[in-house]
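Coordinate analysis (summary)
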Amino acid sequence: YKDSEVTVEGYVTVATPYKKQRAKNTILYNYFNALLSVNNGGYVEQGNDTYFVNSYLELGTDTSTPTTGTTSSLASPISNTYIGLNTNISTDGATMWYISLSYIYNTSFFPTQYTIGEIAYYGYNYNGSNLAFSRLAVADGTFSAVTVNASTPLSINWIFEFKFGA
């Protein structure tokens, strides 16, 4: 398809019982690098791909470090908040593919109060390591900080949309 193009966008919904936000996230160089290596290595297998099976979310407290294309990790991660994801890959059968990654941090997950200022989706990179594929950050102006504690559940849903065609 000579005149075709691929558009990739990402959206994140971050919700507590008190606040719900939907923001456009920043897709990082590492994500595209991994996609190209999947294409070159022929590893894509719908619903059971290493790149998504080994993926996880991590939360951080930083509110002042902006995201750049080469960001590979959070600026100030919170220990032990990386968590595996529920993954769903779907298509409209024509021009759209969706990858949905979600997780709910239940009450009592957070032992103390935190202000979440950054969230990253990590994926399995072509070189065998996990790197940030996408980041949502207060410093980018994409969402407002969220306060969580032992009595506040936190739900995160990360969606990547791939649109094929001119």
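Moving on to the overall build of the protein. When its secondary structure is counted, the protein shows two helices and 12 strands. Counting helices and strands in the order they occur from the N terminus, the protein gives β-β-β-α-α-β-β-β-β-β-β-β-β-β. Partitioning the contacts of the protein with sequence separation of at least 6, the portion at a separation of at least 24 is 72%. If you sum the accessible surface of the protein, you get close to 8,700 Å²; carbon and sulfur atoms cover 48% of it.

Here six bridges tie strand E1 (residues 6–16) to strand E2 (residues 19–24), and the two strands are oriented antiparallel to one another. By the bridge assignment for E2, Thr 13 is matched with Arg 22. Joining the antiparallel neighbours E1 and E2 is a turn of two residues.

Once that is clear, we can look at the pairing of strand E7 (residues 96–105). Two strands pair when backbone bridges link them, and strand E6 (residues 86–91) and E7 are joined in this way by six bridges, in the antiparallel orientation. Within the sheet, the bridge partner assigned to Ser 90 lies in E7 and is Tyr 98. Relative to strand E12 (residues 154–164), E7 runs antiparallel, the two being bridged by 10 bridges. Within E12, the residue paired with Met 96 across the bridge is Lys 163.

Ranked by size, the top nonpolar core spans 26 residues in total, and within it Leu 59, Ile 119, Leu 154, Ile 156 and Trp 158 carry the most contacts. Only E1, strand E4 (56–60), E7, strand E9 (118–124), strand E10 (130–137), strand E11 (146–148) and E12 provide two or more residues apiece to this core. Here the element with the most residues in this core is E12; it accounts for five residues.

For the rest of this paragraph, the subject is the environment of Ile 27. Checked against the element boundaries, Ile 27 lands in strand E3 (residues 26–27). Along the backbone, Ile 27 and Val 8 are 19 residues apart, and their C-alpha atoms lie at a distance of 8.6 Å.

Attention now moves to the sheet that holds E6. Spatially, five strands are ordered E2-E1-E12-E7-E6 in an open sheet, and the strand pairing comes out antiparallel. Edge positions in the open sheet fall to E2 and E6, since each of these has one partner strand only. Pairwise comparison of adjacent strand axes, ignoring direction, gives a mean angle of 15° for this sheet. The pairing of E1 with E12 spans 10 bridges and is antiparallel.

Once that is clear, we can look at the confidence of the model for the protein. Any residue range with low pLDDT should be treated as having predicted coordinates unsuitable for detailed reading. In the predicted model, the protein carries a mean pLDDT of 79, and 77% of its residues have values of at least 70. This model gives residues 38–51 a pLDDT under 50, and the stretch forms 19 contacts once residues within four places in sequence are excluded.

Next up on the list: a nonpolar patch on the surface. Taken together, the side chains of Val 6, Trp 97 and Phe 164 make up a nonpolar region of the molecular surface, amounting to roughly 260 Å² of accessible area. Note that Phe 164 resides in strand E12. Residue classification places Phe 164 among the partly exposed positions, given a relative accessible area of 38%.

The rules behind the values
- Residues numbered from 1 in each chain as written.
- Predicted model: local features only at pLDDT ≥ 70, side-chain atom pairs only at ≥ 80, totals over all residues.
- Heavy atoms only, no water.
- Helix = DSSP H or I, 4+ residues; strand = E, 2+ residues; numbered from the N terminus.
- Contact = heavy atoms within 4.5 Å.
- Areas by Shrake-Rupley, 256 points an atom, 1.4 Å probe, with all protein chains shown as cover.
- Pairing = 2+ DSSP bridges.
- Core = buried A, V, L, I, M, F, W, Y, C linked by side-chain atoms within 4.5 Å.
- Buried < 20%, exposed > 50% of the residue type's maximum accessible area, 1.4 Å probe, protein only.
- Axes fitted to C-alpha atoms, helices over the stretch in contact; angles between N-to-C directions.
- pLDDT = per-residue confidence, 0-100.
- Patch = residues over 30% accessible without salt bridge, like charges linked within 9 Å, V, L, I, M, F, W, Y side chains within 5 Å.
- Salt bridge = Lys/Arg side-chain N within 4 Å of Asp/Glu carboxyl O.

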